[in-house]
Amino acid sequence: MLERMSRNTFLYMDKYQTRYLQHQKRKKESLIKLMKKRHSERIFSDKKVPDKLVKKIIDLSKLAPSSCDRKAVEIKIVDSRDDKQLLGGLLVGGVGWIHRADRILVLLANRGAYKENLYYMPYLDAGVMINQIYLICTELNLKCCYVNPNVRENHLRYFSDFIDNKLFCGAIAIGYEDI
Ligand SMILES: Cc1cc2nc3c(=O)[nH]c(=O)nc-3n(C[C@H](O)[C@H](O)[C@H](O)COP(=O)(O)O)c2cc1C
């Protein structure tokens, strides 16, 4: 096949190259579809998310780029009823719904890794991971919604045990769609 590459350049492509280029094009299209399909969902069914899917989400989230390749934002899985209720009361952006998600993935930054860059860098890293998690969940037919790290000042004491002196960068609630 004769393929035009630029105004004056033509390239002979064999069937393997043609197939590869088609594959690349399909990959690009599927990412765009995924991005268009992605949305936040705050209503979940009771169906449990299998542990292996949660592990997959966490493993894939680690592919997200991070500042200086620190990869210092870790994920704590919350699935007990009591802990979910606690978060439902403490996270301002999750009040009234987050406790109904099957899992809540809490993003915690390791302070030591950021040293003097604590002010915004951990939140940037967490934000990049969150977008990745949104896309992974969409691909896996799971629903999710991010919750920002806002906790009322007078509630912080209830929260400190939970975050183990790490920097809280928000949480993402995950579950199946309620249909
Ligand atoms: C940085 C950030 C913080 C957010 N915080 C919350 C939150 O605390 N609670 C909530 O219900 N949704 C939160 N969201 C979800 C947004 O409300 C949602 O992404 C936005 O309305 C667009 O809707 P979509 O995600 O369905 O496209 C947050 C999203 C981002 C990116």
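Conventions and cut-offs
Residues numbered from 1 in each chain as written. Predicted model: local features only at pLDDT ≥ 70, side-chain atom pairs only at ≥ 80, totals over all residues. Pairing = 2+ DSSP bridges. Helix = DSSP H or I, 4+ residues; strand = E, 2+ residues; numbered from the N terminus. Axes fitted to C-alpha atoms, helices over the stretch in contact; angles between N-to-C directions. Contact = placed C-beta atoms within 7 Å. Near = placed C-beta within 6 Å. Nonpolar A, V, L, I, M, F, W, Y, C, P; charged D, E, K, R; others polar. Buried ≥ 20, exposed ≤ 12 C-beta atoms within 10 Å, placed from the backbone. Domains from an automatic or database assignment. Parallel < 35°, antiparallel > 145°, perpendicular 65-115°, else oblique. Left-handed = near helix turned anticlockwise from the far one by under 90°. Expected span 1.5 Å × (residues − 1).

(A) Inspection of the sheet that holds strand 5 (residues 143-147) at higher detail. Here we have 4 strands laid out as an open sheet, ordered 3-4-6-5, and antiparallel in their pairing. Since the sheet does not close on itself, it has two edges, and those belong to strand 3 (73-78) and strand 5, each with one partner. Strand-to-strand twist in this sheet, taken as the mean axis angle between neighbours without regard to direction, amounts to 25°. Sheet strands in contact with helix 3 (residues 81-90) are strand 3, strand 4 (103-109) and strand 6 (167-175), and its direction is about 115° off that of strand 3.

(B) Inspection of the site of the ligand at higher detail. Around the ligand, the surrounding shell consists of His 39, Ser 40, Arg 42, Gly 93, Cys 145, Tyr 146, Val 147 and Asn 148. Taken together, the residues of the shell around the ligand break down into 3 nonpolar, 4 polar and 1 charged.

(C) Local environment of the environment of Ala 173. The topology assignment puts Ala 173 in strand 6. When the 28 C-beta atoms within 10 Å are taken as the criterion, Ala 173 is described as buried. When residues no more than four places from it in sequence are discounted, the contact partners of Ala 173 are Gly 94, Ile 98, Ala 101, Ile 104, Cys 144, Cys 145 and Val 147.

(D) Region of the structure containing the environment of Pro 50. Note that Pro 50 resides in the loop between helix 1 (15-37) and helix 2 (51-61). Given 10 C-beta atoms within a 10 Å radius, Pro 50 is considered exposed. Residues Pro 50 and Asp 102 lie 52 residues apart in sequence; the distance between their C-alpha atoms is 9.9 Å.

(E) Representation of the domain arrangement of the protein chain. Domain annotation of the protein chain identifies domain 1 (2-37) and domain 2 (51-175). One C-alpha centre belongs to domain 1, the other to domain 2, and the line joining them spans 37 Å.

(F) Molecular detail of the packing of helix 2 against helix 5 (residues 121-139). Interhelical geometry of helix 2 versus helix 5 gives an angle of 140° and a closest axis separation of 9 Å. Between helix 2 and helix 5, the crossing angle belongs to the class labelled oblique. Note on packing geometry: the crossing formed by helix 2 with helix 5 is right-handed. On the side of helix 2, the interface is formed by Ile 57, Leu 60 and Ser 61, while helix 5 contributes Met 129, Gln 132, Ile 133, Ile 136 and Cys 137. Each residue belonging to the contact of helix 2 with helix 5 can be placed in one class, and the counts come to 6 nonpolar, 2 polar and no charged.

(G) A look at helix 1. Its 23 residues give helix 1 an end-to-end C-alpha distance of 33 Å, which sits within 8% of 33 Å, the value for a rise of 1.5 Å per residue. Of all 23 residues making up helix 1, only 0 are buried, and the element is barely covered by its neighbours.

(H) Layout of the pairing of strand 4. Here strand 4 lies mainly inside the structure; 7 of its 7 residues are buried. Alternating residues of strand 4 divide into Arg 103, Leu 105, Leu 107 and Ala 109 and Ile 104, Val 106 and Leu 108, and every residue in both groups is buried. Pairing of strand 3 with strand 4, which is carried by 6 bridges, proceeds in the antiparallel orientation. Residue pairing across strands places Val 73 opposite Ala 109, the latter belonging to strand 4. Taken together, the 6 bridges between strand 4 and strand 6 define a ladder with antiparallel strand orientation. Its bridge partner being in strand 6, Leu 108 is matched across the sheet by Phe 168.

(I) Local environment of the pairing of strand 5. Most of strand 5 sits inside the fold, with 4 of its 5 residues counted as buried. Bridging between strand 5 and strand 6 involves 5 bridges; their strand directions are antiparallel. Paired with Val 147 across the two strands is Ala 171, which belongs to strand 6.

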